[in-house]
Amino acid sequence: MKFFIDTANFEEIKEAHSWGIISGVTTNPSLVAKENISFHDRLREITELVDGSVSAEVIALDAEGMIKEGRELAAIAPNITVKLPMTPEGLKACSTFAKEGIKTNVTLIFSANQALLAARAGATYVSPFLGRLDDIGQDGMELIRTIADIFTIHDIKTEIIAASIRHPQHITDAALSGADISTTPFKVLKMLFNHPLTDKGIEGFLKDWNNRNNSEL
Ligand code: E4P
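Going along each chain's sequence as written, the residues are numbered from 1 onward. Per-residue local features are limited, in this predicted model, to residues with pLDDT of at least 70; the limit for side-chain atom pairs, both in listing and counting, is 80 or more; totals at the level of whole chains, interfaces and linings are taken over all residues.

## Overview of the UniProt feature "active site" (unreviewed entry) in the protein chain
UniProt positions are given in the numbering used here, feature names are shortened, and annotations may be inferred rather than shown by experiment. Here the UniProt-annotated "active site" (unreviewed entry) positions come out as Lys83. Here a helix means four or more residues in a row that DSSP labels H or I, a strand means two or more in a row labelled E, and each is numbered from the N terminus. Among the secondary structure elements, lysine 83 is positioned in strand 4 (residues 80-85). Setting aside residues no more than four positions away along its own chain, lysine 83 makes contact with Ser55, Ala56, Glu57, Val58, Asn105 and Thr107. Contact between residues is assigned whenever the C-beta positions, reconstructed from backbone atoms, fall within 7 Å.

See below:
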């Protein structure tokens, strides 16, 4: 499973990118709204730094508007992926972009049937939202497993992005459940490094090194 970072904050993207683990970035209108910046300028900055897919979401609700916006977004850089909502209009736009060779990420997926529809419309990625399903007492991870099984049975190449990640256990479980990618907020990515035995081990090694008898290296 690859890591995308789920943020429009450039400092967070730069930091996570410097760890060498980031294969892509996802944004959404709520994340961009927090930043108080020009969306297109931010996308230019991100695509200059990150080689992999950078998802940029359309705002229009009709296919014609989505196609216009999506083409403008795709013109910013070759690694822009146009993010589209899981609606009939979104899928019309998705199938148009598939014919034009523009990558798409169909978002707000909450059922396996939605994922299958999006895949058949030519989506490059589908984004099932784990955390939001968990929030309403449903099993988000079960959805990932079901989509992964369906895509395997039918040899569907659309990649599954586990989205709406809330905590580190979501990452492990998404990887085991067959997600191709997880898109993770910076806060959760940082948590993945932590283990008390790692800290204790470093402390112990340094202590032993500093107490050694031989003063030469
Ligand atoms: C990513 O593509 C989604 O927009 C994002 O993961 C949603 O996360 P949230 O449910 O925490 O807003």
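## Section: the site of the ligand
Taken together, Asp6, Thr26, Asn28, Thr107, Ser127, Phe129, Gly131, Arg132, Ala163, Ser164 and Thr183 make up all the residues around the ligand. Polar here means any residue outside two lists: the nonpolar Ala, Val, Leu, Ile, Met, Phe, Trp, Tyr, Cys and Pro, and the charged Asp, Glu, Lys and Arg; Gly therefore counts as polar. Classifying every residue of the shell around the ligand gives 2 nonpolar, 7 polar and 2 charged. Here is the check we use: build the C-beta atom from the backbone, and if it is within 6 Å of the molecule or strand, call the residue near.

## Looking at the environment of isoleucine 165
Mapped onto the fold, isoleucine 165 is located in the loop between strand 7 (159-162) and helix 9 (168-177). Distance from isoleucine 165 to threonine 96, taken between C-alpha atoms, is 30 Å for residues 69 residues apart in sequence. Those residues in contact with isoleucine 165 that sit more than four places away from it in its chain are Leu130, Gly131, His170, Ile171, Ser182, Thr183, Thr184, Pro185 and Val188.

## Considering the sheet that holds strand 5 (residues 104-109)
Any two strands with at least two DSSP bridges between them are considered paired. Read around the closed barrel, 8 strands run 1-2-3-4-5-6-7-8, paired in parallel fashion. Taken pair by pair, the neighbouring strands of this sheet meet at an average axis angle of 25 degrees, ignoring direction. With 3 bridges connecting them, strand 5 and strand 6 (residues 125-128) associate as parallel partners. Each bridged residue has a counterpart across the sheet, and for valine 106 the counterpart in strand 6 is valine 126. Between N-to-C directions, angles cover 0 to 180 degrees, with each direction set by a line fitted to C-alpha atoms, over the stretch in contact for helices. With respect to the sheet, helix 3 (residues 39-49) is in contact with strand 2 (22-26), strand 3 (53-57) and strand 4, its orientation differing from that of strand 3 by roughly 165 degrees.

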